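In case you want the letters, here they are:
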Amino acid sequence: MTLLLLLACTGTPVETDDTQDTVPPDTDDSAVPISYVDSPAEAIDLDPADDIVHFELTAARMTHTIGDYVIDGYAYNGQTPGPTLRAKIGDRVIVDFSNELDAVSTIHWHGLTVPYEMDGVLWSQGGVDPGTSFRYEFTLTQAGSFWYHPHVDTAHQVDHGLYGVLIVEDPADPTPDRELVLVFDDWNDPEDEEPDEHDHGRDEGLWTVNGMPDPAVQLTGGQRVRARLFNTSNHGYLDLGGSQLRWIAGDQGLLPSAQSPQTIRLGPGDRADVEWLPGDAGWDVLDHSYSNAGPGFGEPEVRLRVDIAEPTTAGTALDWPFLSGAITPDSPPTLTYVFTGEAGDWFINGERFPNVTVESLPIQQDSVIEVRNLSGSEHPFHLHGMHFEVLSINGTPPPFRTIEDTWNLAVYDRIRVSVRPQNPGFWMAHCHILGHAEEGMMTVIEVQPAR
Ligand code: C2O
Ligand code: CU
């Protein structure tokens, strides 16, 4: 495995050093040169063995300067997004986490199937105290675009800069000419006393990509690019459109085929990989107005500009080993979750975390969970410790087979998903609008060891 090391200890989040190209003056209304966004710097693998990756992550205070905002926040290893951790299926991952915050923290591996003690949650186990460290250790079983973040005081810690990307490669995938990690997040105005996370409107902050406002990337004509898109916002939705929407992978790896949707909607916590085939002209990645209240009004905003160096004819798509298998037929649920509530008070089955009924599911057997949204807000349903196949949405099978860990429910949506828990433990099930989870919309599923 090749590991790329870029040092980004300058205090400026992800303004990487090797692309100091400037925009040709005629492509922008202002002639101010900008630097292009590149992928976040990657963590160094401290273990020479081919199938062990060993990283160090330190959470500490950090001041983020985002446009006009000066945010008294945090970062992993002095960068937001934190260093990208790259490994491949089957690798043993060791992460030595040091907590230099003045609060308890943890690392949760969003979308990964890990032993319960490694899941970074406080239910029945402790967190990582200030000034102490903890070794996370697990084996990778699934390729995809995952991310990591604390699971203590989550809304606050994530919002202030604690998140990063974990890529699990599948050696069967073709190698693109370039891979880009693009992490979308929105930042609240620090002058704004209490940013309103309950609001139903489009009350997002300033969107950035890899920490840069008004971001642009520069691609080379003719290259085949795998762009991995992440929405790490606490509650902001992305509804991405524009040209070049060749969607190849979701939360848990490749789709059954490349899709060309009108838009790709990413709720908080969601990921999508797209294949870009730049040719002779750039394009804008547009974001259509969308929030947890559904589609909004107004013109789409440019979330990312794509410029082309060396325009030429576009390359042809790579040959991806797409997901095989038919959609699993729908069947009645073994467990049903009903989402209700309103701003400030959110419930699953009428209960607020942590005062919840712990339901249980059998290990290594298929179970069906039904989730119904009877509230006036949308909610991205997220499950720890197990991924799920979507069996039906409002009684209809999904357009294609899809394996997820985060799925957005529109108002009155009813979904059924199939899970096969691999590990014993207490697995959180919650809304990934982090304010909603903190205001009660979280519960626990127990999986008992096999007897
Ligand atoms: Cu990314 Cu429990 O969350
Ligand atoms: Cu929610």
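All of these numbers come straight from a predicted model, not from anything done at the bench.

Participant: Help me out: how do you make sense of the coordination of the copper ion (ligand 2) in this one?
Facilitator: For a metal with four tetrahedral donors the ideal donor-metal-donor angle is 109.5 degrees, while six octahedral donors give ideal angles of 90 or 180 degrees. Every protein donor of the copper ion (ligand 2) is listed here as H379 (ND1), C431 (SG) and H436 (ND1), and their distances to the metal cover 2.0 to 2.1 Å. The sequence pattern formed by the donor residues of the copper ion (ligand 2) is H-x51-C-x4-H.

Participant: Can you help me understand the nonpolar core in this one?
Facilitator: In a soluble, globular protein the nonpolar side chains are often hidden away together inside. Membership of the largest hydrophobic core comes to 34 residues, with the highest contact counts inside it found for Y337, I369, V371, F381, L383, F388 and I445. Looking at which domains feed residues into this core, each of domain 1 (5–20 + 31–308) and domain 2 (335–448) supplies at least three. Those residues in contact with F381 that lie beyond four places of it in its chain are Y337, F339, V371, F388, D405, T406, W407, L409, A429 and H430. Counting 28 residues, the second largest nonpolar core, distinct from the first, contains V37, L245, W283 and F400.

Participant: Explain the packing of aromatic side chains here, please?
Facilitator: Given two aromatic rings, their pairing is described by the distance between the two centres and the angle made by the two planes. Under the counting rule described, the total for this entry stands at 15 aromatic pairs. With a centroid separation of 5.1 Å and an interplanar angle of 55°, the aromatic rings of W109 and F138 are classed as tilted. Placement of W109 in strand β5 (residues 108–110) and of F138 in strand β6 (residues 133–139) is noted, with a sequence separation of 29 residues between them. In this structure, W109 and F138 share a single accessibility class: buried. Grouped by ring-pair contacts, the aromatic residues Y76, F97, W109, F134, Y136, F138 and Y148 constitute a single cluster.

Participant: Even after reading the chapter, I still don't get the sheet that holds β5, so can you show me in this structure?
Facilitator: Hydrogen bonds between backbone groups are what pair the strands of a sheet, and the pairing can be parallel or antiparallel. Strands sit in the order β3-β8-β7-β5 across an open sheet of four strands; the sheet is mixed. Looking at which strands have only one partner, the edges of the open sheet turn out to be β3 (82–88) and β5. Across the sheet, the mean angle separating the axes of adjacent strands is 25° when strand polarity is ignored. Examined bridge by bridge, strand β7 (residues 144–149) and strand β8 (residues 164–169) share five bridges and lie antiparallel to one another. Along β8, the bridge assignment pairs G144 with V168.

Participant: What exactly am I supposed to notice about the domain arrangement of the protein chain here?
Facilitator: Many descriptions give the size of an interface as the accessible area lost when the pieces come together. Along its sequence, the protein chain is organised into domain 1 (5–20 + 31–308) and domain 2 (335–448). The distance between the C-alpha centroids of domain 1 and domain 2 comes to 23 Å. At the junction of the two partners, domain 1 supplies 40 residues and domain 2 supplies 41 residues. Among the salt bridges present, the one from D405 reaches R271, with a minimum N-O distance of 2.7 Å. Counting the contacts that link domain 1 with domain 2 gives 21 residue pairs in polar contact (both at pLDDT 80 or more). Counting only elements with at least two residues in the side of domain 1 that touches domain 2, the list comes to β5, β7, α1 (154–159), β16 (253–259) and β20 (290–291).

Participant: Looking at this structure, I do not really get the pairing of strand β10 (residues 206–209). What am I missing?
Facilitator: Regular strands show a simple pattern: their side chains alternate between the two faces of the sheet. Two elements, strand β9 (residues 178–187) and β10, share four bridges in a ladder whose sense is antiparallel. The residue bridging D185 from the neighbouring strand is T208, located in β10. Across two bridges, β10 lies against strand β11 (residues 212–213) in antiparallel orientation. Across the sheet, T208 pairs through a bridge with P213, a residue of β11. Where β10 hands over to β11, the hairpin turn is made up of two residues, of which N210 adopts a positive phi near 50°.

About the cut-offs
Residues numbered from 1 in each chain as written. Chains lettered and ligands numbered in written order. Predicted model: local features only at pLDDT ≥ 70, side-chain atom pairs only at ≥ 80, totals over all residues. Heavy atoms only, no water. Donors = N, O, S within 2.8 Å, 3.2 Å for Na, K, Ca; no water. Core = buried A, V, L, I, M, F, W, Y, C linked by side-chain atoms within 4.5 Å. Buried < 20%, exposed > 50% of the residue type's maximum accessible area, 1.4 Å probe, protein only. Domains from an automatic or database assignment. Contact = heavy atoms within 4.5 Å. Phe/Tyr/Trp six-rings, centres within 6.5 Å; stacked < 30°, edge-to-face > 60°. Helix = DSSP H or I, 4+ residues; strand = E, 2+ residues; numbered from the N terminus. Pairing = 2+ DSSP bridges. Axes fitted to C-alpha atoms, helices over the stretch in contact; angles between N-to-C directions. Salt bridge = Lys/Arg side-chain N within 4 Å of Asp/Glu carboxyl O. Polar contact = N/O pair within 3.5 Å; in protein donor to acceptor, adjacent residues only side chain to side chain.

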